[in-house]
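Now for the letters of each chain:
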Amino acid sequence: MTDINNALGLKVTSAGVLSLIQDAGRYGAFNLGLTNGGPADPLAFYWANRLCGNELNSTVIEISLGGLELTAQIDCVIAVTGAPMPLTINGRTAELWRSVFVKAGDTIHLGFTPLGVRCYLAVTGGFNIKPIFGSTSTVCRESIGGIRGGKLEENDVLPCQLLPKPGNQLKQFMLPEQEQPKYSHEVLLHTVLSYQQQHFSSIEKRLFFSSEYQISKHWDRMGYRLQGRAIKADIAGILSEGICYGAVQIPADGQPIVLLNDRQTIGGYPKIGAVISQDCAKLSQCRQGDNVRFESISLSQADNLFHLNLSRFTQTQLITCN
Amino acid sequence: MTTNINDTIRLEVAGENALMLCFTSNIKCLSEQSILEDSPEISPNISNDVYHAVQLIRTHFTTEIIDLIPSYASILVVFNLLETDHHRLRNKLKAVLKQCNSASDKQGRLVELPAYYSLESGVDLERIAKHAKLTVEQVISLHQAQEYRVYAIGFAPGFAYLGEVDERIAMARLTTPRLKVPKGAIAIADRQTAVYPAQSPGGWNIVGLCPIDMFNAQAKPSMPVEVGDRVKFFAITKSEFLELGGHLPKQVSKND
């Protein structure tokens, strides 16, 4: 194995607002109190890796809002997917949702996105970061993963593999435009009712599923706190228990919180249900002021949506561009 | 979508790929006092059932289960939708956990943790003593007299919820949490106690410092305890504390 400390790759010249090392997430460490982390928008993450011909779990950079600038120390192939951040290479506009050859010395710049929140920057072979508890994913709250357990900083070097052959001889791919996810300021969250729904009257449930909520100023990778019609539970708290991805907590003030990748693993607020994973990904591409609605679906509908989404991903073919 | 596995375990829906196993004391025993049904139950017996169910699940399942979160009276089961579904998992859990009941009295390990109790390391000792109308020495001896159980691990990496402290030294959380609770702080909230694995914000009442790492990513195992273990604290002196690698943080060592 190459010495990570001396290996060359992409050097951070400007870290942006929040740029994090992520792979598919950390699983199997709940017993230590470690949460999952992982990409807030897994679909865009998987596409970035597929465009680079990588294993789907390869390590990438998740960029929130924008402002990341990198200098390539070696030739490499990258792909950027997700929110439409303006991407330039040496000042020249480049496209998202396709693989791009970058030469040693080139500067990769991501501006700020007007829509959506998060982008994924993958490199062929994945970034070579040492995993901890089976994953490279960064969870800042836990100081776990990534390079120092925190977000990227100026002068960090993210080591990459050497290309197998000269970059200009490598095929480049793109995702057909009609397959590229579109981001918006509104999202519908399909939700499976969970067992504590019994603590919400049928009127409260109807209010919950017929109201529009706004994303408050508290939105991050742990969870999104919403504002709107308050929902009442007939209990204030429960004995602390495990919290799954997408769980919708209703604290005493009645304002729902949707819990995401970096959530605490246990908690004591009552939960009305859980948003399905593909809609959690869409939610994580929204920000303060955006609107969300909840729609109740059955478990079998949720299962169908999961498998439909998956088969759409696996069956979509990339287009060769050169 | 409730499935009763036996008299004490219920299986419920938690999310797209998550089930919740809910544990109670024997339902038959409870029926007489059904008024208490809604009050949260913390009991060593229930925790023992949780502990045994976790062992059974770990033995009988492999890749179809992604992870488990055991807690006071529940286990969140997160599963892999590529390998199984709610229906199949429900049936298999039902078969595996039928044999799980309180009859088994196999206990978790006993882990002894050193504790430097003093006014300089336990900044809230005097407040607790005053509130409990006890002396500081009595508070200390009550805290180390009890054998605690690891009911849950969460909040932060390595944070183990231990219960339950003697009623006399139970103490509500601070109304305004401290911004910095030092690493190793042994603290009380209501009838729970814990050792802070790292410096973090927190509202628990500090009674002492523990020099042992509650979480060390580089060590194997990363934690000295797991859910279901028993914990007992034993008092050590300041010099023993320092010898064991303990550090006195600035904000609590006000007498130095």
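Residues numbered from 1 in each chain as written. Chains lettered and ligands numbered in written order. Predicted model: local features only at pLDDT ≥ 70, side-chain atom pairs only at ≥ 80, totals over all residues.

## Structural notes on the overall build of chain A
Right, on to step 1. A count of helical and extended segments in chain A gives four helices and 22 strands.
Right, on to step 2. The C-alpha radius of gyration computed for chain A amounts to 20 Å, which stays within 12% of the reference 20 Å derived for 322 residues, consistent with globular compactness.
Right, on to step 3. Within the span of chain A, comprising 322 residues, buried residues form 50% of the whole.
Right, on to step 4. The long-range share in chain A, meaning contacts at least 24 apart out of those at least 6 apart in sequence, stands at 78%. (Helix = DSSP H or I, 4+ residues; strand = E, 2+ residues; numbered from the N terminus. Rg over C-alpha atoms; globule rule 2.2 N^0.38 Å. Buried ≥ 20, exposed ≤ 12 C-beta atoms within 10 Å, placed from the backbone. Contact = placed C-beta atoms within 7 Å.)

## Quick notes on the overall build of chain B
Right, on to step 1. Assigned secondary structure in chain B consists of six helices and 14 strands.
Right, on to step 2. Burial statistics for chain B: of 256 residues in total, 43% are counted as buried.
Right, on to step 3. Pairs at least 24 residues apart make up 61% of the contacts formed inside chain B by residues separated by at least 6 positions.

## What about the sheet that holds strand β10 (residues 118-123) of chain A?
Residue and element names in this part refer to chain A.
Right, on to step 1. With antiparallel pairing, the five strands of this open sheet are ordered in space as β2-β3-β10-β5-β8. Looking at strand neighbours, the two that pair on one side only are β2 (18-22) and β8 (99-102), the edges of this open sheet. Strand after strand, the sheet turns through a mean of 25 degrees between neighbouring axes, direction not considered.
Right, on to step 2. Across five bridges, β2 lies against strand β3 (residues 60-64) in antiparallel orientation. Within the sheet, the bridge partner assigned to Q22 lies in β3 and is V60.
Right, on to step 3. The strands touched by helix α1 (residues 42-51) within the sheet are β2, β3, β5 (76-82), β8 and β10, with β5 carrying the most contacts at an inclination of about 155 degrees. (Pairing = 2+ DSSP bridges. Axes fitted to C-alpha atoms, helices over the stretch in contact; angles between N-to-C directions.)

## A word on the domain arrangement of chain B
All names here are of chain B.
Right, on to step 1. Domain assignment breaks chain B into domain 1 (3-97) and domain 2 (110-243).
Right, on to step 2. Computed from C-alpha atoms alone, the centre-to-centre distance between domain 1 and domain 2 is 29 Å.
Right, on to step 3. Taken together, the contact between domain 1 and domain 2 spans seven residues of the former and seven residues of the latter.
Right, on to step 4. Element by element, the count of residues in the side of domain 1 that touches domain 2 is highest for helix α2 (residues 44-60), at three residues.
Right, on to step 5. The class makeup of the residues in the side of domain 1 that touches domain 2 is five nonpolar, two polar and no charged. (Domains from an automatic or database assignment. Nonpolar A, V, L, I, M, F, W, Y, C, P; charged D, E, K, R; others polar.)

## Digging into the interface of chain B and chain A
Right, on to step 1. Between chain B and chain A, the residue contacts involve 36 residues of the former and 31 residues of the latter.
Right, on to step 2. Within the residue set of the side of chain B that touches chain A, elements represented by two or more residues are β2 (9-15), β3 (18-23), β4 (65-70), β5 (74-79) and β7 (148-153) of chain B.
Right, on to step 3. A class-by-class count of the residues in the side of chain B that touches chain A yields 24 nonpolar, seven polar and five charged.

## Observations concerning the pairing of β2 of chain B
All names here are of chain B.
Right, on to step 1. β2 sits mainly inside the fold: five of its seven residues count as buried.
Right, on to step 2. Bridge count for β2 against β3 is six bridges, and the pairing is antiparallel. Looking across to β3, one finds that V13 is bridged to L19.
Right, on to step 3. Linking β2 to β3, which pair antiparallel, is a turn of two residues.

## With respect to the sheet that holds strand β15 (residues 223-227) of chain A
Residue and element names in this part refer to chain A.
Right, on to step 1. The strand order around the closed barrel built from seven strands is β13-β20-β17-β18-β15-β14-β21, with neighbouring strands paired in mixed fashion. Going across the sheet, the axis of each strand differs from the next one's by a mean of 40 degrees, ignoring polarity.
Right, on to step 2. As defined by bridge partners, strand β17 (residues 247-249) adjoins strand β20 (residues 271-275) across three bridges and the pair is classed as antiparallel. Following the sheet pairing, A247 is matched in β20 by A274.

## What about the domain arrangement of chain A?
All names here are of chain A.
Right, on to step 1. Partitioning chain A into structural domains gives domain 1 (9-173) and domain 2 (186-315).
Right, on to step 2. Taking the mean C-alpha position of each, domain 1 and domain 2 sit 28 Å from one another.
Right, on to step 3. Across the contact, 18 residues belong to domain 1 and 15 residues belong to domain 2.
Right, on to step 4. The element best represented in the side of domain 1 that touches domain 2 is α1, accounting for three residues.
Right, on to step 5. Class assignment of the residues belonging to the side of domain 1 that touches domain 2 gives a composition of eight nonpolar, seven polar and three charged.

## Some remarks on α2 of chain B
Right, on to step 1. Helix length check: α2 of chain B (17 residues) gives 24 Å between terminal C-alpha atoms against 24 Å at 1.5 Å per residue, within 8%.
Right, on to step 2. Along its buried surface, α2 of chain B packs onto β3, β4, β5, α3 (86-97) and β7 of chain B. (Expected span 1.5 Å × (residues − 1).)

## Digging into the confidence of the model for chain B
Residues and elements named next belong to chain B.
Right, on to step 1. Per-residue confidence for chain B gives a mean pLDDT of 89; residues scoring 70 or more make up 89%.
Right, on to step 2. Here residues 29-39 scores under 50 on pLDDT; set against residues more than four positions off or in separate chains, the count is three contacts.
Right, on to step 3. Interface confidence for the predicted complex, expressed as ipTM, amounts to 0.94; the pTM equals 0.92. (pLDDT = per-residue confidence, 0-100.)

## Things to note about the nonpolar core
Right, on to step 1. Membership of the largest hydrophobic core comes to 166 residues, with the highest contact counts inside it found for A48, I78, L121 and A122 of chain A together with L76, V77 and A187 of chain B.
Right, on to step 2. The element best represented in this core is α1 of chain A, accounting for seven residues.
Right, on to step 3. Setting aside residues up to four positions removed in sequence, I78 of chain A forms contacts with V100, V102, I108, L121, A122 and V123 of chain A. (Core = buried A, V, L, I, M, F, W, Y, C linked by C-beta atoms within 7 Å.)

## With respect to the environment of E55 of chain A
Right, on to step 1. Mapped onto the elements, E55 of chain A comes out in the loop between α1 and β3.
Right, on to step 2. It is 14 Å that separates the C-alpha atoms of E55 of chain A and A44 of chain A, two residues lying 11 residues apart in sequence.

## Brief notes about the environment of R109 of chain B
All names here are of chain B.
Right, on to step 1. For R109, the location among the structural elements is in the loop between α3 and β6 (110-117).
Right, on to step 2. On a C-alpha basis, the gap between R109 and F233 in space is 14 Å, while along the polypeptide they are 124 residues apart.
Right, on to step 3. Apart from residues lying up to four places away in sequence, R109 is in contact with D229 and R230.

## Here's the deal with unusual backbone geometry
Right, on to step 1. A cis amide bond links G163 of chain B to the next residue, E164 of chain B, at an omega of -10 degrees.
Right, on to step 2. Look at the link from K220 of chain B to P221 of chain B: it is a cis peptide, with omega at 0 degrees.
Right, on to step 3. The phi dihedral of L65 of chain A falls on the positive side, at around 70 degrees, and the residue is not glycine.
Right, on to step 4. Relative to the helices and strands, L65 of chain A resides in the loop between β3 and β4 (68-72).
Right, on to step 5. The phi dihedral of F133 of chain A falls on the positive side, at around 50 degrees, and the residue is not glycine.
Right, on to step 6. Counting through the fold element by element, F133 of chain A comes out in the loop between β10 and β11 (157-159).
Right, on to step 7. By C-beta crowding, F133 of chain A is classed as partly exposed, having 18 other C-beta atoms within 10 Å.

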